[in-house]
Amino acid sequence: MYNSKDDVLVCKVSKTWYDILDTEYIISGSMAGCCWELGNQNNVSDLDPGTLVLFITEQRDKDGYFRILGGGFLLDFHNKSVKDVWDIYGVRCGASSYDDFLKDVIAKGGNENSILNVVRTINVFIFDERESVRIPKAIEDFFVNGSRFVFKYDSPHGKFLVQQTLKARSPHIEKLGANWQGMFYMASHSNSSAFFAHFEAKVFATYDYKCAITQSNVRPVLEVAHIKPLYDDEFQSIRNGILMRSDLHKLFKGGYITLDYVSEDDIRVVVSKRFKSIWSDEYLQYDGVKIYLPEDKDKRPKKKFIDWHKAYCYENWLNIGGSHT
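Let me begin by describing the structure that accompanies this report. (Residues numbered from 1 in each chain as written. Predicted model: local features only at pLDDT ≥ 70, side-chain atom pairs only at ≥ 80, totals over all residues. Heavy atoms only, no water.)

This paragraph deals with a negative patch on the surface. The grouping of D208, E295, D296 and D298 at the surface amounts to a negative patch. Examined against the element boundaries, D298 turns out to sit in the loop between α8 (274–278) and α9 (303–312). (Patch = residues over 30% accessible without salt bridge, like charges linked within 9 Å, V, L, I, M, F, W, Y side chains within 5 Å. Areas by Shrake-Rupley, 256 points an atom, 1.4 Å probe, with all protein chains shown as cover. Salt bridge = Lys/Arg side-chain N within 4 Å of Asp/Glu carboxyl O. Lys, Arg positive; Asp, Glu negative; His and termini not counted. Charge placed at Lys NZ, Arg CZ, Asp CG, Glu CD. Helix = DSSP H or I, 4+ residues; strand = E, 2+ residues; numbered from the N terminus.)

Right, dumping it as structure tokens:
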């Protein structure tokens, strides 16, 4: 909980930014976020990781008020090129395409070669319009000029805004089914809790207790990856499961890698080329690798599941509404 020594960071965001993040939040629930501005120097004081970040409207609403649209918790600040920021955050930059993102940068006085200073946040929460918190006109002068502000929680307006924001956030975290992500999880797993242990055991045995990509047999790091999320009995099938090393499973779920169904006997790994430009080339070694397939063709992954993952999950952060499995 916040105490008198805590800072709060406020970032102004556009209506387009909010609309896109709201759409992504409905689909994926809590996520990483990105607020950016031109320049490679922070215009706010040094802040500790975990600092509360509030997103407020750039413009007043129809009644003349600024509103808090959501928030998150500070991870860090970093400086990146326009292209790198898009490759890392995609639509979470508040634009539906790279061209639109570049237009936003140009509108603020930059260009494709500009360096952007990014506020990186995690555990983002986005309010719908009915939940948004109105900023009283008595304290709106704190937020009129500039795009970023820092204030102390123990200030009167700080306590008010933080308490109102966390109050609005509480339904999102009170219980598993309080938001779309929670309801989706419950719906997709409610009929499979008793089944999962059986399903997991069968997938482990089918893949000879080895990662289908690396052939690692180190049991503590092996996990069953669902190609398509479970909805009903059709998806509770060995043909919708692959055994993966835990890091590769996480990348598969995040859309950083996918599979390409070449033929019944040939399924290959596809790795996002953005790895090399924004992180490292460590995982590019798996690009094009032919995965291990069970001898029994009736236990191999179904083409329609793999095609679905490639179409809707792969590089999902670059597309509005991309699935987050």
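A few words on the packing of aromatic side chains. A complete count under the given rule lists eleven aromatic pairs for this structure. Between W36 and F101, the ring centres sit 5.4 Å apart and the planes meet at 90 degrees, which makes this aromatic pair edge-to-face. With W36 in strand β2 (residues 33–38) and F101 in helix α3 (residues 98–107), this pair connects stretches of sequence that are 65 residues apart. Both residues of the pair, W36 and F101, belong to the buried class. Pairing Y283 with Y286 gives two aromatic rings, centres 6.1 Å apart and planes at 45 degrees, and the pair type is tilted. For the pair Y283 and Y286, one class covers both residues: buried. Taken together through their ring pairs, the aromatic side chains of W36, W86, Y98 and F101 make up a single cluster. Positioned above the aromatic ring of W36 is the side chain of K108, whose terminal nitrogen or guanidinium carbon lies 5.9 Å from the ring centre. (Phe/Tyr/Trp six-rings, centres within 6.5 Å; stacked < 30°, edge-to-face > 60°. Buried < 20%, exposed > 50% of the residue type's maximum accessible area, 1.4 Å probe, protein only. Lys NZ or Arg CZ within 6 Å of the ring centre and 35° of its normal.)

Next up on the list: the pattern of salt bridges. Counted according to the given criterion, the structure contains 20 salt bridges. A salt bridge links D247 to R245; the nearest nitrogen and oxygen atoms lie 2.7 Å apart. Between K303 and D307 there is a salt bridge, and its shortest N-O distance comes to 2.5 Å. One end of the pair is K303 and the other is D307, both in helix α9 and four residues apart, which spans about a single turn.

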